[in-house]
Amino acid sequence: MPTRLAHRILSGYSVITDAPVNKGKPTLFVFEQADTFKTVFQPASGQRQTNPNFSKEMVVGVVLPSTGKSPKLTVSRVFVKDSVLTFRYIKQTDTSKTASVQTTTVTPMLLVAIPKQTVLSARLIENGRLVQTIKRREEEDK
């Protein structure tokens, strides 16, 4: 039986320019330490951050390809079964009409803090479809 995890959305962050994201498709990140978190995400200027507590929590991040129109992202479920973390989210196209076309691109993302878990691999599911699986790297154990 999968263990459904309580989660809280983190806000006030942006993706670092040279972050290791997949071109053209969603990228899943799992962070257990503040140092590795800071290699991908930084505080967004002019916004207040909700900070993770890495002594009790870990952070799951999803970064989508840059776009001119930001989609609406909603966390569906976060659960662990047999040390496999599954992060399910729903991506909806923003259908609201804007008076002017956005000239800048945005990088849609979701950042979620969850209670610390033993995670050997993680799966990312978008709109019911598996889009990425990552395995824990040995150097992250240190």
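Residues numbered from 1 in each chain as written. Predicted model: local features only at pLDDT ≥ 70, side-chain atom pairs only at ≥ 80, totals over all residues. Heavy atoms only, no water.

Spatially, β1-β7-β8-β10-β11 is the arrangement adopted by the five strands of the open sheet, whose pairing is mixed. Of all strands in the sheet, those bounded by a partner on one side alone are β1 (3–4) and β11 (129–135). Bridge count between strand β8 (residues 84–92) and strand β10 (residues 121–126): six bridges; the pairing is parallel. Each bridged residue has a counterpart across the sheet, and for Thr86 the counterpart in β10 is Arg123. (Pairing = 2+ DSSP bridges. Helix = DSSP H or I, 4+ residues; strand = E, 2+ residues; numbered from the N terminus.)

What the four strands build is an open sheet, ordered β2-β9-β6-β4; its pairing is antiparallel. Strands with a single pairing partner mark the edges of an open sheet, and in this sheet they are β2 (8–9) and β4 (27–31).

Residues Val62, Val78, Leu85, Phe87, Tyr89, Leu110 and Ile114 are the most contacted members of the largest nonpolar core, which totals 20 residues. No other element matches the four residues that strand β7 (residues 72–81) contributes to this core. Contacts of Leu85, omitting those with residues within four sequence positions, involve Leu5, Val30, Val60, Val78, Phe79, Val80, Ile114, Val119, Ser121, Ala122 and Arg123. One finds Val15, Ala19, Phe31 and Val63 within the second-largest nonpolar core, a separate group that totals 14 residues. (Core = buried A, V, L, I, M, F, W, Y, C linked by side-chain atoms within 4.5 Å. Buried < 20%, exposed > 50% of the residue type's maximum accessible area, 1.4 Å probe, protein only. Contact = heavy atoms within 4.5 Å.)

Quick look at the pairing of β4 now. By the criterion of burial, β4 is predominantly enclosed, with five of the five residues buried. Taking every second residue as pointing to the same face, both faces of β4 are buried, with Thr27, Phe29 and Phe31 on one and Leu28 and Val30 on the other. Of the pairings in the sheet, the one linking β4 to strand β6 (residues 57–63) comprises five bridges and is antiparallel in character. Each bridged residue has a counterpart across the sheet, and for Val30 the counterpart in β6 is Val60.

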